[in-house]
Structure formats: C-alpha cells, structure tokens
Amino acid sequence: MTAMSITMPSARLDYTRRPMLVFWESTRACQLACRHCRASATAQALPGELTTAEGRDLIDQVAGFGRPYPILVLTGGDCLLRPDLFDLVEYATGLGIPVALSPSVTPSLTAQMIDRISSSGVKAVSISLDGGVAATHEGVRGIPGHFENTVQAIRALVAAGLTVQINTTVMQTNFEELADIAALVAKLGANIWEVFFLVQVGRGTATEAVSPQEHEDVCHFLYDASHYGFIVRTVEAPFFRRVVARRKAGDLAPDSDLYLALSGRLETLMGPAIKQPKAHTAATRDGKGIVFIAYDGDVYPAGFLPHSLGNVRLNPIAQIYQDDPLLRRIRAGDFTGRCGYCEYSDLCGGSRARAFAASGDPLGEDSACLYQPNQPDG
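Residues numbered from 1 in each chain as written. Predicted model: local features only at pLDDT ≥ 70, side-chain atom pairs only at ≥ 80, totals over all residues. Heavy atoms only, no water.

## Points about the overall build of the protein chain
Part 1 of the reasoning: Within the protein chain, the regular secondary structure consists of 13 helices and eleven strands.
Part 2 of the reasoning: On C-alpha atoms alone, the protein chain measures out to a radius of gyration of 20 Å, which is about the 21 Å that the 2.2 N^0.38 rule sets for 378 residues.
Part 3 of the reasoning: Projected onto its principal axes, the C-alpha coordinates of the protein chain cover approximately 55 × 55 × 35 Å.
Part 4 of the reasoning: Sorting the 378 residues of the protein chain into buried and exposed places 59% on the buried side.
Part 5 of the reasoning: Contacts spanning at least 24 positions in sequence make up 75% of the contacts within the protein chain whose residues lie at least 6 apart.
Part 6 of the reasoning: Split by element, the accessible area of the protein chain, about 14800 Å² in all, is 50% carbon and sulfur.
Part 7 of the reasoning: A gap of 5 Å separates the mean positions of the 33 positive and 40 negative side-chain charges of the protein chain. (Helix = DSSP H or I, 4+ residues; strand = E, 2+ residues; numbered from the N terminus. Rg over C-alpha atoms; globule rule 2.2 N^0.38 Å. Buried < 20%, exposed > 50% of the residue type's maximum accessible area, 1.4 Å probe, protein only. Contact = heavy atoms within 4.5 Å. Areas by Shrake-Rupley, 256 points an atom, 1.4 Å probe, with all protein chains shown as cover. Lys, Arg positive; Asp, Glu negative; His and termini not counted. Charge placed at Lys NZ, Arg CZ, Asp CG, Glu CD.)

## As for the environment of Gln165
Part 1 of the reasoning: Secondary-structure assignment places Gln165 in strand E5 (residues 163-170).
Part 2 of the reasoning: Counting along the chain gives 66 residues from Gln165 to Ile231, while the straight-line C-alpha distance between them is 9.1 Å.
Part 3 of the reasoning: A distance of 3.3 Å separates a polar atom in the side chain of Gln165 from a polar atom in the side chain of Glu194. (Polar contact = N/O pair within 3.5 Å; in protein donor to acceptor, adjacent residues only side chain to side chain.)

## Considerations on the side chain of Glu194
Part 1 of the reasoning: Relative to the helices and strands, Glu194 resides in strand E6 (residues 192-197).
Part 2 of the reasoning: A relative accessible area of 1% means that Glu194 is categorised as buried.

## Some remarks on the environment of Asp60
Part 1 of the reasoning: Within the fold, Asp60 resides in helix H1 (residues 52-63).
Part 2 of the reasoning: It is 9.7 Å that separates the C-alpha atoms of Asp60 and Ile97, two residues lying 37 residues apart in sequence.
Part 3 of the reasoning: Beyond its immediate sequence surroundings of up to four residues, Asp60 is in contact with Tyr91 and Leu95.

## Thoughts on helix H11 (residues 325-332)
Part 1 of the reasoning: Residues of H11 that are buried: Leu326, Leu327, Ile330 and Arg331. Taken end-on, H11 shows its buried residues confined to a sector of 130°, consistent with a single buried face. Looking at H11, the residues exposed on the side facing more than 90 degrees away from the buried face are Pro325 and Ala332.
Part 2 of the reasoning: Those residues of H11 that are buried lie in contact with strand E8 (285-286), helix H10 (317-323) and helix H13 (352-359).
Part 3 of the reasoning: For H11, the side-chain oxygen to backbone nitrogen distance between the N-cap and Leu326 is 2.9 Å, and the N-cap itself is Asp324.
Part 4 of the reasoning: At the exit of H11 stands Gly333, carrying a positive phi of roughly 70°. (Arc of directions from axis to C-beta.)

## Regarding unusual backbone geometry
Part 1 of the reasoning: Between Arg67 and Pro68 the backbone carries a cis peptide bond, its omega angle lying at -5°.
Part 2 of the reasoning: Along the polypeptide, Pro68 turns up in the loop between H1 and strand E2 (71-75).
Part 3 of the reasoning: Cis geometry is adopted by the peptide bond preceding Gly77, which originates at Gly76 and carries an omega value of 20°.
Part 4 of the reasoning: Considering the arrangement of structural elements, one finds Gly77 in the loop between E2 and helix H2 (85-94).
Part 5 of the reasoning: In the Ramachandran plot, Glu236 falls in the positive-phi region, its phi being about 60° despite a non-glycine side chain.
Part 6 of the reasoning: Inspection of the secondary structure assignment puts Glu236 in the loop between strand E7 (231-235) and helix H8 (239-248).

Remember, this is a structural readout, not a statement about activity or role.
Structure follows, in structure tokens:
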C-alpha cells in the first residue's frame, strides 16, 4: 500500500521537515499468503505489536510534524484484523490527520465493513490486483475465486464514494497482462493505478525479477496508460519520472517488442488516448517524503528497505525522520554510482530499497534503471 489520492499541497512541503506519507504496518496478521509479500505476513498478529495506547501515541507523533499533516496509511498484513482499527481511525481523523487504509480482500471485507469504512472518515482505500485474468491473479494470491472477489470489492468501494487505488506488482508472471489490468482499472472506476516494481525482500525474494529493459518498457507503457483518465503512479520505480519527463519533452517511445505489444493491446482494449496524461511525478523516494513504521514501532525509510532507523517507543517519529543521518543523505541525493551523477538525481534518485537489496548500500545505484548519464569530467 502506498500513496493515496488525498489532496495535499505537495509543492509546498519541505521534505527535510515532514513526509507526505507515513505508512504504519498496523499488524502483520493476514489471511492471505501472497507469493511476493514484503512483510511475509502471518496468520496471527506477532508479539510486540503496538498497543492501542501506543497507536494513539504514534498518531500524536504524526500530528507533531505540524500542518499540513502527512497522510497516515494504515497497512499490514491486513489492517482489518486490528480490533481497534476504527478507534485509531477516529482518533487520527479527530486530530485532522488524513487517513487511508490498505485492506486485504478476505471474508472480513464485507458490505457492512465497506459501509463502516466509508462512514469512518477514511478518505481512500487501496486494493491489490495482480492479473488481468483470474488464473494470474490467483496464482499470486493463492486462493481460488479471489479475482472475482477482488473485482466485486473494488466495485463496492467505488460505489461507496471512496477514492479507490488499485495496486499491481510487476512480475515476470504478469507484465504481459498490464494492458488488461489497465482496462480493468478504467472499467471499475478506480481513481489511481499504483504499480509496484518488485524489490526482492520478504517472500518477494522467491519471485523472478524483471530486467532493466523490461522495467523501461513498462514505464513507457504506463505513461501511455496515464492518458485514460486515472492517475498512474509507481513504487520503487522513480525512474518512471524520467520517462515521463522525456516523453513530455518529445522523446519517442521505444520500439521494443514488449512495449509495442503492451501499447497495442492497450489501444485495442481502450481505443486511442485522448485525455491529458495523469502521471504522478512528485520527487519523493524512500526516506524523502516517505517513512515506514513497522508493527513493533521500528522505523524504516520505506517498507521495502529493511534498514532500521530507530523505534517510536523510544524517539518521536519527527525526530527520527528529520535527524537520521541516512535520511539526510538520501534527501540530499548523496548517492554513489550512476545515481550520484545523474541529472535526474533529484526528480528520481533511484530506488533506495533496490540499491540496498542488491548491494547492502542504501545509497548505491538502482540496478533496475538502464539509463546511462554522462559521467562528470575528472
């Protein structure tokens, strides 16, 4: 679960002082066991989970960033498995903090639950959809009938008046279906399509990675998809912003087989693109505008970057975010390798999580990006 479409004056945010998004992994408990799960979620809550009182204290800490407050995203696991979820939502919204939820599609997500979400003050909800057909999605989720349940859940959330975001993780098993997923996003009336580019952490280490050229082709396709009325964003693929900037400046799309197949399928399903692109290009990245709090209060630059920065039981989240030396270097663009001298280091900056997964250095270059910037003289 990532950025939600809750209106925030991002142009006025100083990311050295406050994030745009605070993700709280409110529980590791989940009834699903997805192949690529970042959290390696478990059937039951793990010992050490923040209590209700500690959750309220964390919400107070988020308010401590000051206005405009960051968006608080309650994720998991499955946030619906926290018995105190709506108490925490009520507490946060009572302080004026915008709240988004990232529930799993399970028997817990009933019509009554959707009504409760829509009346609770929650502004946005994200749902995962990882295939254009049932066999692909259910191959990832591991539950027969889950594809149709997911489609019905999205329809019900849209009908309830919520801002709905569909999350899709790009994998070898599904990237050829991305145009079909885009068509579903439009057909179901979702507001945002957020496309995750897999970082091999958690159970995702067992999932075959996508090549740099395939990443590039998919980013060009996503720019095309952003012309069909819904917002397109990426997670752990900040080089999408470079692609968008270059396409808007007049660069041509690639002539690779994968891109041509995806773009051709998109036009077959949805017709010619006639709308202005809605490609999200805010210059955030892991640790810059984004911070992640695990179920036990440990703080990380992002959910896919398991480098602990401290714990909210010991230090306020604002202090950790503002003062941590690694986050300061990330926000300053103090990178090594190609990311260190790339002209897109501020707009993009590479996936810090992928750099860490590949080399153990969260300031290293992003191995999934094929762009070759000019090396500085000397």
